[in-house]
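An overview of the molecular structure
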Amino acid sequence: PEAMKGALARHDVILRDAVEGQGGRVVKTTGDGLHAAFAVAPDALAAALDAQRRLTREEWALPEPLKVRMGLHTGVAEVRDGDYYGTAVNRAARVAAVAHGGQIVASAATADLVRDDLSPEVALIDLGEHRLRDLGRPERITAVTHPDLPADFPALRSLDAYPGNLPVQRSSFVGRAEDLAGVRGALEGSPVLTLTGVGGVGKTRLALQVAADVVARFPDGAWFVDLGPVLDAGYVAAALSASLLLPERRRGTLAESIVAALREKRLLVVLDN
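Heads up: these notes are all about the structure in this document.

Calculation criteria
- Residues numbered from 1 in each chain as written.
- Predicted model: local features only at pLDDT ≥ 70, side-chain atom pairs only at ≥ 80, totals over all residues.
- Heavy atoms only, no water.
- Helix = DSSP H or I, 4+ residues; strand = E, 2+ residues; numbered from the N terminus.
- Contact = heavy atoms within 4.5 Å.
- Lys, Arg positive; Asp, Glu negative; His and termini not counted.
- Charge placed at Lys NZ, Arg CZ, Asp CG, Glu CD.
- Pairing = 2+ DSSP bridges.
- Axes fitted to C-alpha atoms, helices over the stretch in contact; angles between N-to-C directions.
- Buried < 20%, exposed > 50% of the residue type's maximum accessible area, 1.4 Å probe, protein only.
- Core = buried A, V, L, I, M, F, W, Y, C linked by side-chain atoms within 4.5 Å.
- Parallel < 35°, antiparallel > 145°, perpendicular 65-115°, else oblique.
- Left-handed = near helix turned anticlockwise from the far one by under 90°.
- Nonpolar A, V, L, I, M, F, W, Y, C, P; charged D, E, K, R; others polar.
- Salt bridge = Lys/Arg side-chain N within 4 Å of Asp/Glu carboxyl O.

A look at the overall build of the chain
Across its full length, the chain carries eight helices and 10 strands. Overall, the chain is about 65 × 40 × 40 Å in size when its C-alpha atoms are taken along their principal axes. Across the chain, every contact between residues at least 6 apart in sequence was considered, and the portion connecting residues at least 24 apart equals 69%. Of the side-chain charges in the chain, 31 are positive and 35 negative, and the distance between the mean point of each set is 5 Å.

Shown next as structure tokens:
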């Protein structure tokens, strides 16, 4: 722990120097992360490359080098009291979340803006479209490579990397940080969690966002079961089996076959209505 405190302090210095060296502004630190804003996308990319090279050269007093993931996104944001708000800010965080330590990734909006200003040693690699954990529209993700930086990384940690059927949402999830934290905390302490409230308050959207946030804890994925169309309790098991894509039962009741199929799995099920 003591070594990590020093490493994080050094991490903050390196990133802050890289950001400010390219004319950017550190908006805030977020625990072990940093949120920065730039006037133009090429400056953001230059800062990310500079920071990663410095981090790679640093001799860390840790069992393993400190590896930092970085995500770049471009969009309109609202400034209030020195902080930035809006869907672009949330999407930037989601883009960063799919990367691995030591990797730089960019959204399509940013990649298009920096493509014509790349130095000869920098390359952009299209990693295809990925569903981010804001459950909004898929995002085309581009990896940024440089000869001084690692180039081989596992598949992106997007929703596509996990089993499941969480539905795409019409808009990004904005705010409600306390609600998210409360539900995540309650879920850690119980195998079953119920969200209650008046109709239209946003229970389903909150539950889906929590499921997307914690899906990495469930190797067999996060699954959504819509019970709204089910008018008879006798059909609940059938709806569950169909949504989880379970094989047809060979013996016993449907409920017994569901139990048998899920007994060895670790997954999160969101039952709606």
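From this point, the narrative continues.
Details of the sheet that holds strand β7 (residues 123–130)
Read from one edge to the other, the open sheet built from four strands follows the order β3-β6-β8-β7, with strand pairing classed as mixed. Here the strands that pair on one side only, and so sit at the sheet edges, are β3 (70–72) and β7. Pairs of neighbouring strands in the sheet enclose a mean axial angle of 30 degrees, with direction left out of account. When β3 meets strand β6 (residues 104–107), the two strands line up parallel, connected through three bridges. Paired with Met 70 across the two strands is Ile 104, which belongs to β6.

Description of the environment of Ala 44
Its location among the elements puts Ala 44 in helix α2 (residues 41–57). For Ala 44 and Gln 22, which are 22 residues apart along the polypeptide, the C-alpha to C-alpha distance reads 7.3 Å.

Focus on the pairing of strand β10 (residues 268–272)
Residues in a regular strand point their side chains to alternate faces of the sheet. The alternating pattern of β10 places Leu 268, Val 270 and Asp 272 on a buried face and Val 269 and Leu 271 on a face that is not buried. As judged from the five bridges shared by strand β9 (residues 222–226) and β10, these two strands associate in the parallel manner. What sits directly across from Val 225, in β10, is Leu 271.

Side note on the nonpolar core
Leu 49, Leu 55, Trp 60, Met 70, Leu 72, Ile 104 and Val 144 are the most contacted members of the largest nonpolar core, which has 25 residues in total. When residues of this core are traced back to their parent elements, those giving at least two are α1 (2–21), α2, β3, β6 and α4 (108–114). Broken down by element, the residue count for this core peaks at seven residues, all from α2. Excluding residues that lie within four positions of it along the chain, Leu 49 makes contacts with Ile 104, Val 122, Val 144, His 146 and Leu 149. Among the nonpolar cores identified, the runner-up in size contains 20 residues, and Leu 135, Leu 159, Ala 207 and Leu 268 belong to it.

Some points on the packing of α1 against α2
Put simply, α1 and α2 touch, their axes get as near as 8 Å, and they point 150 degrees apart. Judged by the inter-axis angle, α1 sits roughly antiparallel to α2. The two elements α1 and α2 meet at a crossing, and its hand is right-handed. Note on element contacts: α2 touches α1 through Ala 47, Asp 50, Ala 51, Arg 54 and Leu 55, opposite Ile 14, Leu 15, Asp 17, Ala 18 and Val 19. Class assignment of the residues belonging to the contact of α1 with α2 gives a composition of seven nonpolar, no polar and three charged.

Things to note about the pattern of salt bridges
A complete count under the given rule lists 14 salt bridges for this structure. With its nearest N and O atoms 3.1 Å apart, the salt bridge here joins Arg 91 to Glu 139. Placement of the pair is Arg 91 in helix α3 (residues 87–97) and Glu 139 in strand β8 (residues 139–145), with a sequence separation of 48 residues. Judged by relative accessible area, which is 4%, Arg 91 ranks as buried. Salt-bridge contacts for Arg 115 lead to Asp 112; the nearest nitrogen and oxygen are separated by 3.5 Å. A single network of salt bridges, built from pairs that share partners, joins Arg 91, Asp 134, Arg 137 and Glu 139.

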